[in-house]
Amino acid sequence: MSSQLTTKTNLPRRVLLSLTIKLLFTLFFIQLITTLPSHAMEANGCPDYQEPSLSIKQLIITPRFNDTVDLASLRQLVSQGGPNLTSTRHETPVGLTAASLKLDTSYEVHTSSSPDDVMVCAQITAMEVNFGFDDTTVYIAHEIPHGSCSYQTVLTHELQHVKTDRMLIDATIPMLPRYIRKALDQIGVIRATSAETAERQLKTMVSAYMKTLGSNLSEVRKSQQATIDTEGEYDRISDSCDGALGELIAASRGNQ
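Below is a summary of the structure that appears in this document. (Residues numbered from 1 in each chain as written. Predicted model: local features only at pLDDT ≥ 70, side-chain atom pairs only at ≥ 80, totals over all residues. Heavy atoms only, no water.)

1. Some thoughts on the overall build of the protein
For the protein, the helix and strand inventory stands at six helices and seven strands. Moving toward the C terminus, one meets the helices and strands of the protein in the order α-β-β-α-β-β-β-β-α-α-β-α-α. For the protein, with 256 residues in total, the buried portion stands at 43%. Here the analysis covers contacts within the protein between residues at least 6 apart in sequence; of these, 79% occur between residues at least 24 apart. With an accessible surface of roughly 13400 Å², the protein has 51% of that area assigned to carbon and sulfur atoms. (Helix = DSSP H or I, 4+ residues; strand = E, 2+ residues; numbered from the N terminus. Buried < 20%, exposed > 50% of the residue type's maximum accessible area, 1.4 Å probe, protein only. Contact = heavy atoms within 4.5 Å. Areas by Shrake-Rupley, 256 points an atom, 1.4 Å probe, with all protein chains shown as cover.)

2. Quick word on the state of the cysteines
In this structure the tally under the stated criterion is two disulfides. Covalently, Cys 46 is tied to Cys 121 through a disulfide, its sulfur atoms 2.0 Å apart. As the torsion about the S-S bond is roughly -80 degrees, the Cys 46-Cys 121 disulfide counts as left-handed. Residue Cys 46 is found in the loop between α1 (13-35) and β1 (53-60), and its partner Cys 121 is found in strand β5 (residues 120-133); the two are separated by 75 residues along the sequence. Assigned by exposure class, Cys 46 and Cys 121 land together as buried. With a sulfur-sulfur separation of 1.9 Å, Cys 149 is cross-linked through a disulfide to Cys 241. Its S-S torsion of about -80 degrees marks the bond between Cys 149 and Cys 241 as left-handed, since a negative value means left-handed. Here the residue Cys 149 occupies a position in helix α3 (residues 149-172), and Cys 241 occupies one in helix α6 (residues 231-254), the gap between them amounting to 92 residues. Cysteine pairing for the protein (bonded cysteines numbered in sequence order): 1-2, 3-4. (Disulfide = S-S within 2.5 Å.)

3. Re the sheet that holds strand β3 (residues 95-98)
Pairing between the strands of a sheet is mediated by backbone hydrogen bonds and can be parallel or antiparallel. With mixed pairing, three strands are arranged side by side in an open sheet as β2-β6-β3. The outermost strands of the open sheet, each flanked by one partner alone, are β2 (64-66) and β3. Averaged over all pairs of adjacent strands, the angle between strand axes in this sheet comes to 15 degrees, irrespective of strand direction. Where β2 and strand β6 (residues 137-140) come together, three bridges link them in parallel fashion. Opposite Asn 66, over in β6, you have Tyr 139 as the bridge partner. (Pairing = 2+ DSSP bridges. Axes fitted to C-alpha atoms, helices over the stretch in contact; angles between N-to-C directions.)

4. Some points on the nonpolar core
Where a protein is soluble and globular, its nonpolar side chains tend to be buried together. Judged by nonpolar contacts, the single largest core of 38 residues is most densely connected at Ile 21, Met 127, Phe 131, Ile 180, Met 210 and Leu 213. Elements with a contribution of two residues or more to this core: α1, β5, α3, α4 (176-187), β7 (190-192) and α5 (195-226). Considering every element that reaches this core, the biggest residue donor is α5, with nine residues. Sequence-distant contacts of Ile 180, that is, excluding residues within four places in its chain, are made with Leu 54, Ile 56, Met 127, Val 129, Tyr 209 and Met 210. Ala 141, Tyr 151, Val 154 and Leu 155 belong to the second-largest nonpolar core, a separate cluster that totals 20 residues. (Core = buried A, V, L, I, M, F, W, Y, C linked by side-chain atoms within 4.5 Å.)

5. Observations concerning unusual backbone geometry
At Cys 241, a position not held by glycine, the phi torsion is positive, near 55 degrees. Despite not being glycine, Asp 242 shows a phi value in the positive range, around 60 degrees. Turning to its location among the elements, Asp 242 is positioned in helix α6.

6. Things to note about the pattern of salt bridges
The full count for this structure, using the stated rule, is five salt bridges. With a shortest N-O distance of 3.1 Å, Glu 51 and Arg 181 are connected by a salt bridge. Placement of Glu 51 in the loop between α1 and β1 and of Arg 181 in helix α4 is noted, with a sequence separation of 130 residues between them. When its relative accessible area of 48% is taken as the criterion, Glu 51 is described as partly exposed. (Salt bridge = Lys/Arg side-chain N within 4 Å of Asp/Glu carboxyl O.)

7. Comments concerning the pairing of β3
In regular strands, side chains alternate between the two faces of the sheet. Here β3 shows two buried faces, one formed by Gly 95 and Thr 97 and the other by Leu 96 and Ala 98. For β3 and β6, the ladder comprises four bridges, and the chain directions are antiparallel. Residue pairing across strands places Gly 95 opposite Ile 140, the latter belonging to β6.

This is how it looks when you write it as structure tokens:
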């Protein structure tokens, strides 16, 4: 599901990102209520649904910096691709930022039964969500002298990727509680033949929700990161520092 905003506007980028995230959640919840099993919306003789406790932890740590990887190895990282790289568009990168978007959950389930009913009732009573980036690494090619003009140019560019990831987290965190609660309310109280079966059903529904939500957020992240790695930005970097980076890139290509 795509939820990118394509209309031209003069709104600040941070505001546009917040609007994009809000649209994503709105569309996703519409999709959610049409795909969850209908029995999840009804108590069916079970105790009334109780609002679960919800804790959301924001994951952001200071990025690690690695300038021990050479250009050839950075090219190999790009060729391998992967969702943790902020960009794989440049065939000869002089820097890279790698970070995995995490959306991890743990929860508690309460089950109950009565002597005159062979079925059990179950609902999620508490959930903890860890969301963000806790493993960001900024790579700068080993061939670039530490502290040089070229080094600072590449570092400044890569820190824009780090900033964009943090903007994504800042825009998403305020909206997560509302929509996760909506999902839990939609699941509600379920009936199953055993506690084990109920827990499996709840796990299936929660996992499907979080997997799709995480995938959609990753797509938003990808589109936001792409706004940094433009051809104009690559040209600017190549021409910076009296063309030192452009010469390094050309020499690296000649050695391939």
